[in-house]
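Here is what each chain is made of, one letter per residue.
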Amino acid sequence: MKSSERICTYELPFGLWLILLTDEERLVRTWLQDSKPNAEEIHSGVLKDFLDKYSSGLWEPSFVLKLVDWNMFTEKRAEVYRTLTTAVPMGSTITYGRLGNICNCSPRAVGSYMRTNKFPIIIPCHRVVGQKSLGGYSPEVQWKRVILEWELNNAKSNSGNRTFWSW
């Protein structure tokens, strides 16, 4: 960790989520953890507002996406992440193949992008599933199921436009 970065936490309804921020409020990385870390809770700002809304069932990523340094990604990876974030509402899922078709890349490329996503929840890789299974998720696939079930049961927007896994 660089000296200009700090770790903050935010407790989500289904576990703890850590947020690594720089002093410039740029998002460096996020990850899920199932035990409370010894770190400060996030108290204000765009990330706090986004997470409060997310925790109440609202998906409004437009402002928080401005905190992501999109230059760290290839053009195609950024396209896949942006498409996923804006086109797949909370409480819905999309297959690796369908997202690949939309972005003109292979399902394997989509899987690779999801597997190496540095921003879980903000870039909702948990919403990408296989045709016949949930697909993978790090740190554990059980978190993917927990998050998807929570979103399905708590999403307040796009309630009429849900496509969800059923296995």
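The preceding data block contains the structure.
Figured I'd write up the structure that's included with this text. Computed from a prediction, not measured in an experiment: that's the story for all the values here. (Residues numbered from 1 in each chain as written. Predicted model: local features only at pLDDT ≥ 70, side-chain atom pairs only at ≥ 80, totals over all residues. Heavy atoms only, no water.)

Once that is clear, we can look at the pattern of salt bridges. In this structure the tally under the stated criterion is six salt bridges. A salt bridge links Lys76 to Glu79; the shortest N-O distance between them is 2.9 Å. Of this pair, Lys76 and Glu79 both sit in helix H2 (residues 75-87), three residues apart, which is roughly one turn of that helix. By relative accessible area, which is 26% here, Lys76 ends up partly exposed. Arg127 is the partner of Glu151 in a salt bridge, and the nearest nitrogen-oxygen pair spans 2.9 Å. Taken together, the residues span a long stretch of sequence, with Glu151 in helix H5 (residues 141-154) and Arg127 in the loop between helix H4 (107-115) and strand E6 (128-129) at a distance of 24 residues. Pair check on accessibility: Glu151 and Arg127 agree, each one buried. (Salt bridge = Lys/Arg side-chain N within 4 Å of Asp/Glu carboxyl O. Helix = DSSP H or I, 4+ residues; strand = E, 2+ residues; numbered from the N terminus. Buried < 20%, exposed > 50% of the residue type's maximum accessible area, 1.4 Å probe, protein only.)

For Lys144, the position within the fold is in helix H5. As a buried residue without a salt bridge, Lys144 has its nearest oppositely charged side chain in Glu151, at a separation of 11 Å. At a separation of 3.5 Å, a polar atom in the side chain of Lys144 contacts the side chain of Tyr96. Not counting residues within four places of it along the chain, the set of residues in contact with Lys144 comprises Tyr96, Cys125, His126, Val128, Val129, Leu134, Gly135, Gly136 and Tyr137. (Lys, Arg positive; Asp, Glu negative; His and termini not counted. Polar contact = N/O pair within 3.5 Å; in protein donor to acceptor, adjacent residues only side chain to side chain. Contact = heavy atoms within 4.5 Å.)

Position of Thr85 among the secondary structure elements: in helix H2. With residues up to four places along the chain from it excluded, the contact list for Thr85 reads Trp59, Pro61, Leu65, Ile122, Ile123 and Pro124.

Right, let's get into unusual backbone geometry. For residues besides glycine, phi is generally negative; the peptide bonds are generally trans as well. Non-glycine residue Asn104 carries a positive phi angle of around 60 degrees. Its relative accessible area of 68% is what places Asn104 among the exposed residues. A positive phi angle, near 75 degrees, is found at Ile121, a position not held by glycine. Tracing the sequence through the fold places Ile121 in the loop between H4 and E6.

The next thing to look at is the state of the cysteines. Among covalent bonds in proteins, the disulfide is the one between the sulfur atoms of two cysteines. Taken as a whole and assessed by the stated rule, the structure comprises zero disulfides. Lacking any disulfide linkage, Cys103 is separated from the closest cysteine sulfur, that of Cys105, by 5.6 Å. Since its relative accessible area comes to 1%, Cys103 is described here as buried. (Disulfide = S-S within 2.5 Å.)

For the rest of this paragraph, the subject is the environment of Phe63. Examined against the element boundaries, Phe63 turns out to sit in the loop between helix H1 (46-55) and H2. When its relative accessible area of 58% is taken as the criterion, Phe63 is described as exposed. Between the alpha carbons of Phe63 and Asp49 there is a distance of 9.5 Å; along the sequence they are 14 residues apart.

With 13 residues, H2 ought to run about 18 Å at 1.5 Å a step, and its terminal C-alpha atoms sit 18 Å apart, in line with that. Looking only at H2, the buried set comprises Arg77, Ala78, Val80, Tyr81, Thr83, Leu84 and Thr85. In this structure, the buried side of H2 is in contact with strand E5 (94-95), helix H3 (96-103), H4 and E6. (Expected span 1.5 Å × (residues − 1).)

On to the packing of aromatic side chains, then. Under the defined criterion, the tally for this structure stands at nine aromatic pairs. Ring centres of Phe50 and Trp59 lie 5.5 Å apart, and the angle between their planes is 70 degrees; on these two criteria the pair is classed as edge-to-face. Both residues of the pair, Phe50 and Trp59, count as buried. Centre to centre, the rings of Tyr54 and Trp59 are 6.2 Å apart; their planes meet at 70 degrees, and the pair counts as edge-to-face. What makes Tyr54 buried here is its relative accessible area of 0%. One aromatic cluster is present, built from ring pairs that chain together Phe14, Phe50, Tyr54, Trp59 and Trp150. In this structure, Arg82 is placed above the aromatic ring of Trp70, and the distance from its NZ or CZ to the ring centre is 4.2 Å. Note that Arg127 overlies the ring of Trp59, its terminal NZ or CZ placed 4.1 Å from the centroid. (Phe/Tyr/Trp six-rings, centres within 6.5 Å; stacked < 30°, edge-to-face > 60°. Lys NZ or Arg CZ within 6 Å of the ring centre and 35° of its normal.)

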